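Here is what each chain is made of, one letter per residue.
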Amino acid sequence: MSVGKLVLPKRGRVRRHQLFRNMTSYLMKRLVFLIISLLSFNAHAQPQGFDAMVNSAVQPLTDLVSNFIFFEIKLFGADMPLIVLWLIFAAAFFTVYFRFINLTGFAHSIRLIRGDYASSSHRGEVSHFQALTTAVSGTVGIGNIGGIAIILSLGGPGAIFWMIVAGFLGMSTKFAECIAGVKYRKEHRDGTVSGGPMYYLEEGLRVRGLNFLAKPLGLFYAASIVVGCLGIGNMFQSNQAFEQFVYATGGSNSFFLDKGWLFGLVIAGFVAFVIIGGLKSIARVTSRLVPFMALAYLVLALVVLVLNSSKVPWAVYAIFTQAFNTEALAGGTLGAMILGFQRAVFSNEAGIGSAAIAHSAVRTNEPSTEGYVGLMEPFIDTVVICTLTALVILVTIYEPGLTGQGVQGVELTSKAFASALSWSSIPISIIAILFAFSTMISWSYYGLKGWTYIVGEGLGKEILFKVFFCLFGVLGSTIQLGAVLDFSDAMVFLIALPNIFGLYLLAPVLKEELKNYKIKLRKIES
């Protein structure tokens, strides 16, 4: 027995596992009861009254977690959420630590994605391209369309500059997460793979001699990602997709206005059809859906920019000059910087670690390869899609205080597109629904891996989770549980604390991994 390692007697381990199984069984029974109660109660009670009852019950816990994780400090007169500072500082650190890999590794990333170094003999489940599209589908969502109008209104065009900067910095954090995800992944006998922060927190911290933190941080991350996947990665997406569907089918006059349950059943059915086949099925769908969504949105945005080409130079000029304008909205330069940083970290999730779960399943024998591939995720999500959305709004309907006109989020962006293309509202709504759907199927995999990390692998356990995930999707479009979604959102960002902490500790290991890969790469290419 090694020094400092506690080994329980066999009887103690058996009792511990039995106690854990009993506790899990009890919790699952309570969860089943809760879901059935929600569905049945909603069918007979007034939705607003029931929603308010559930929200009031959950609100104290939501406030506790949210007040902690989104705590703000005054920085030169502007409010700075500490979690944003935590994520941006980490992104800047990894950018310098890996010698600006977000710029120097860009070309190699593209070669890996197109399969230049792929081999059928490599271990894993999906290709580099499929791993990337699965991860991108989890980050590209409603916020890429709706969130940009809000920061433009509050921080002006200058906030977009800082969002782009934060997107570039976030590429380096993703690089670190993806290397760690592959390096410490767990390969099963059937060829499937489990990986992500819960695994590299556990195994990596053991390597660093921090056994007492390894398993607890892994379990905390896994439990939090399960909560996050059911709320912000599922219920919220279903809810927003339903709102877009109602908007596209007539708004307040839509036949489906009061039929959220029906929409929920349909979208949950599509999700179930995809996720029942596991990661390979998810990857097959996202590898087709993500390029289609991105290309369709890109084409519509470029058409709008071409039709308003005379205003494009002003929009670009405003983004760069107002980034340093002390007279800008919401606290001048610092206010614009904070809003831009906040939008970027909330959009591409660099530092959250969720995408590393998908990237860890890639077919490769070299962890560093997926680090390079992961670079592209914040670039696509933040630098490309969010920036295009901003340019479309700037050249069409932008004016300070934009969101004070009674129209918010996606509707505002749809209005911007419709001002140039009168028929574009429905295509934009369809793209938004597809964004939400793709986010749901990716987050189902993230939650599943957190779930199996806690309860163990097994077909029955996986099916049980997938059923619950789909039921929560139905609930999301049926009832309004704002406090539940806020709690889920807070938990997703809470896990950035252990994730970044673990990456700091593993940084020397990851740097050595990168160094060895570069040596091998030079030998291959020489």
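We now turn to the structure provided with this report. Keep in mind it's a predicted model, so treat the numbers as computed, not measured.

**Some remarks on the overall build of the protein**
For the protein, the count of helices and strands is 22 helices and 4 strands. Expressed as a percentage of the 526 residues in the protein, the buried residues total 55%. Looking at the protein alone, contacts between residues at least 24 apart form 83% of all its contacts between residues at least 6 apart. A total accessible area of about 22,600 Å² is found for the protein, and carbon and sulfur atoms account for 66% of it.

**Some remarks on the packing of aromatic side chains**
How two aromatic rings sit relative to each other is given by the distance of their centres and the angle of their planes. Counted according to the given criterion, the structure contains 26 aromatic pairs. Ring geometry for W86 and Y504: centres 6.1 Å apart, planes at 85 degrees, overall edge-to-face. Of this pair, W86 sits in helix α3 (residues 82-97) while Y504 is found in helix α22 (residues 496-525), placing the two residues 418 residues apart along the sequence. Residue Y504 is classed as partly exposed on the basis of its relative accessible area, which comes to 23%. A centroid spacing of 4.9 Å and a plane angle of 85 degrees characterise the contact between F161 and W162, whose relative ring orientation is edge-to-face. Here F161 falls in the buried class, since its relative accessible area comes to 16%.

**Comments concerning the environment of S66**
With respect to the secondary-structure elements, S66 resides in helix α2 (residues 47-69). Look at S66 and you get buried, because its relative accessible area is 15%. Separated by 422 residues in the primary sequence, S66 and S488 place their C-alpha atoms 9.6 Å from one another. Residue contacts for S66: discarding those within four places in its chain leaves F71, D486 and A490.

**Thoughts on the side chain of E513**
Assignment of secondary structure puts E513 in helix α22. Apart from residues lying up to four places away in sequence, E513 is in contact with I179, K183, E366, P367 and S368.

**Some points on a positive patch on the surface**
There is a patch of like positive charges on the surface, built from R99, K511, K518 and R522. Of note, K511 is situated in helix α22. Using a relative accessible area of 32% as the deciding quantity, one classes K511 as partly exposed.

**Quick word on helix α8 (residues 158-183)**
Look at α8: 39 Å from first C-alpha to last across 26 residues, which is about the 38 Å you get at 1.5 Å a residue. Extensive coverage of α8 is indicated by the burial of 23 of its 26 residues.

**A word on the packing of helix α5 (residues 106-113) against helix α16 (residues 367-374)**
A packed helix pair is summarised by two numbers, namely the angle formed by the two axes and the spacing between the axes. Interaxial distance between α5 and α16 falls to 8 Å at its minimum, and their mutual angle equals 105 degrees. With respect to α16, the axis of α5 lies roughly perpendicular. Contacts from H108, S109, L112 and I113 in α5 reach T369, Y372 and V373 in α16. Here the residues of the contact of α5 with α16 are counted per class, giving 4 nonpolar, 3 polar and no charged.

**A short note on the pattern of salt bridges**
Counted under the stated rule, the structure contains 9 salt bridges. In this structure, D116 engages R114 in a salt bridge whose closest nitrogen and oxygen atoms are separated by 2.8 Å. A salt bridge links K520 to E366, with the nearest nitrogen and oxygen atoms 2.9 Å apart. Placement of K520 in helix α22 and of E366 in the loop between α15 (355-359) and α16 is noted, with a sequence separation of 154 residues between them. On the basis of relative accessibility, which here comes to 18%, the residue E366 falls in the buried class. One network of salt bridges, in which partners are shared, links R123, R185 and E187.

**So, the packing of α8 against helix α13 (residues 312-321)**
Remark: α8 packs on α13, axes separated minimally by 6 Å, with the N-to-C direction vectors making an angle of 75 degrees. One element, α8, and the other, α13, form an angle in the roughly perpendicular class. Between α8 and α13, the residues in contact are G158, I160 and F161 and A318, I319 and F320, respectively. Among the residues making up the contact of α8 with α13, the classes are represented as 5 nonpolar, 1 polar and no charged.

**Things to note about the nonpolar core**
In terms of nonpolar packing, the biggest core is built from 154 residues, with I160 and Y446 touching the most fellow members. Looking at this core element by element, the count peaks at 16 residues for helix α19 (residues 425-455). Those residues within four positions of Y446 in sequence are excluded, and the remaining contacts are T134, A135, G138, I225, S354, A355, I357 and A358.

Scoring rules and cut-offs
- Residues numbered from 1 in each chain as written.
- Predicted model: local features only at pLDDT ≥ 70, side-chain atom pairs only at ≥ 80, totals over all residues.
- Heavy atoms only, no water.
- Helix = DSSP H or I, 4+ residues; strand = E, 2+ residues; numbered from the N terminus.
- Buried < 20%, exposed > 50% of the residue type's maximum accessible area, 1.4 Å probe, protein only.
- Contact = heavy atoms within 4.5 Å.
- Areas by Shrake-Rupley, 256 points an atom, 1.4 Å probe, with all protein chains shown as cover.
- Phe/Tyr/Trp six-rings, centres within 6.5 Å; stacked < 30°, edge-to-face > 60°.
- Patch = residues over 30% accessible without salt bridge, like charges linked within 9 Å, V, L, I, M, F, W, Y side chains within 5 Å.
- Salt bridge = Lys/Arg side-chain N within 4 Å of Asp/Glu carboxyl O.
- Lys, Arg positive; Asp, Glu negative; His and termini not counted.
- Charge placed at Lys NZ, Arg CZ, Asp CG, Glu CD.
- Expected span 1.5 Å × (residues − 1).
- Axes fitted to C-alpha atoms, helices over the stretch in contact; angles between N-to-C directions.
- Parallel < 35°, antiparallel > 145°, perpendicular 65-115°, else oblique.
- Nonpolar A, V, L, I, M, F, W, Y, C, P; charged D, E, K, R; others polar.
- Core = buried A, V, L, I, M, F, W, Y, C linked by side-chain atoms within 4.5 Å.

Scope: geometric values only; no functional claims are made or implied.
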